[in-house]
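So you can see what is in the structure, the chains are spelled out below.
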Amino acid sequence: MSNDVVIEAWNTVLFEKFTRFKYLFIEGYASISDEALKRSQYAEDAKILDVGCGFGDCTIQIAKTLGAKGTAAGVDCASNFILECEKSAREDGVANAQFFVADVEADDLGGPYDEAFARFGTMFFNLPGLAMKNILQSLAPGGKFTQVVWRKREDNPWLHDAEKCVKAIVPVVSHDETDAVHCGPGPFSMAGPDMVSDMLQSVGFERIQFERFDSDICIGRNIEEAIQFALEIGPAGEIIRLAGEEGERLRGGVIESLQDVIGQYLRDDGSIWAPSSAWFITAYKPE
Ligand SMILES: C[S@@+](CC[C@H](N)C(=O)[O-])C[C@H]1O[C@@H](n2cnc3c(N)ncnc32)[C@H](O)[C@@H]1O
């Protein structure tokens, strides 16, 4: 199965959406990945792979903890993200952060890496088993793979509340029924520990562990921004976009119902913070 549709989506419509809300992602997601990264002590000369690196903020953060001989390599299937990563690394003066375009399911990832890390970079693979196998192959013996993924949707109201609200109003168009490009499996595709641990084990990883991490994340500096964010990002945004003209026609009704749903997370300073819940999954390549 070709990943062309998914790659085009990440390079175009999703790249534009993520760019519009870049500051929310970078700050909100950083509070989660900072916690996950605390659990790894990289050697000064380590080689680390950042899978599905997006804007590359984790790659650059990891590179800064390494010595001059260490490297952090960010890989993403979307060249537009990689161009942004290279620009940020240049502006930050971080020479040991490197970036390359590749489809993690299919392409050579280089290596061997001492560790691989992915913050929300593994939930959109059409064929996740192939991607996990490829990541395993890129690791040195004994290498550790840490993934941060969302837990079940019910514990992630920052995404799921808006999804429920949109589904009550807008007809859901499945990926098979549309020619529009789409992101592939959604943000909750790695939420089930049994499925994920079976998959990791079946490709050859061992010592698989799940740690739950809950925190509130900022989804808008005010309610208007939080509604805009909900309308564009995650399953809610995808349902409206894939519904085409009908989605646009119903947008007003959705905005009205989102006022109440999102309003419950309003803080005294006007910003919106909603609960989120992630897994930190670690697994090792056998020695
Ligand atoms: C939700 S974003 C996360 C980005 C970043 N890690 C972060 O936390 O901000 C998912 C990323 O995975 C990338 N991606 C999706 N499928 C991929 C594939 N098959 N190979 C490589 N990257 C992929 C997308 O382009 C996107 O940048």
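For the structure, see preceding data.
A quick note: this is a predicted structure, and the numbers were derived from the prediction, not measured. (Residues numbered from 1 in each chain as written. Predicted model: local features only at pLDDT ≥ 70, side-chain atom pairs only at ≥ 80, totals over all residues.)

Novice: Can you walk me through the nonpolar core in this structure?
Specialist: When a protein is soluble and globular, its nonpolar side chains tend to lie buried together. Of all hydrophobic cores here, the largest spans 59 residues; its most connected members are Leu49, Ala116, Ile135, Val148 and Val149. Sequence-distant contacts of Ala116, that is, excluding residues within four places in its chain, are made with Leu49, Val51, Ile135, Ser138, Leu139 and Phe145. Ranked by size, the runner-up nonpolar core spans 26 residues in total, among them Ile219, Ile233, Val254 and Ile272. (Core = buried A, V, L, I, M, F, W, Y, C linked by C-beta atoms within 7 Å. Buried ≥ 20, exposed ≤ 12 C-beta atoms within 10 Å, placed from the backbone. Contact = placed C-beta atoms within 7 Å.)

Novice: What should I look at first to understand helix α5 (residues 79–92) in this one?
Specialist: Structurally, the α-helix is built with 3.6 residues per turn, so residues lying three or four positions apart point the same way. Given a rise of 1.5 Å per residue, 14 residues ought to cover 20 Å, and the 20 Å separating the end C-alpha atoms of α5 matches this to within 8%. Buried positions along α5 lie against α2 (13–20), α4 (57–65), β2 (71–76) and β3 (97–101). Phi turns positive, to about 65°, at Gly93, one or two residues after α5. (Helix = DSSP H or I, 4+ residues; strand = E, 2+ residues; numbered from the N terminus. Expected span 1.5 Å × (residues − 1).)

Novice: Explain the sheet that holds strand β7 (residues 272–284) to me, please; I cannot follow it from the model alone.
Specialist: Each strand in a sheet pairs with another by means of backbone hydrogen bonds, the pair being arranged parallel or else antiparallel. If you walk across this open sheet you meet the 7 strands as β3-β2-β1-β4-β5-β7-β6, and the pairing is mixed. The open sheet terminates on both sides in strands that have one partner only, identified here as β3 and β6 (206–220). Taking the axes of each pair of neighbouring strands and ignoring which way they run, one obtains an average angle of 20° across the sheet. Of the pairings in the sheet, the one linking strand β1 (residues 47–51) to β2 comprises 5 bridges and is parallel in character. The residue bridging Ile48 from the neighbouring strand is Ala72, located in β2. Each of β6 and β7 touches helix α7 (residues 157–167); the most contacted strand, β7, lies at about 120° to it. (Pairing = 2+ DSSP bridges. Axes fitted to C-alpha atoms, helices over the stretch in contact; angles between N-to-C directions.)

Novice: Explanation requested: unusual backbone geometry in the structure shown.
Specialist: Outside of glycine, negative phi angles account for most residues, and trans bonds account for most peptide bonds. A cis amide bond links Gly111 to the next residue, Pro112, at an omega of 0°. With respect to the secondary-structure elements, Pro112 resides in the loop between β3 and β4 (113–119). One non-glycine residue, Phe120, lies in the positive phi region at around 55°. Mapped onto the secondary structure, Phe120 falls in the loop between β4 and α6 (128–138). In this structure, Arg207 is a non-glycine residue whose phi angle is positive, near 50°. Among the structural elements, Arg207 can be located in strand β6.

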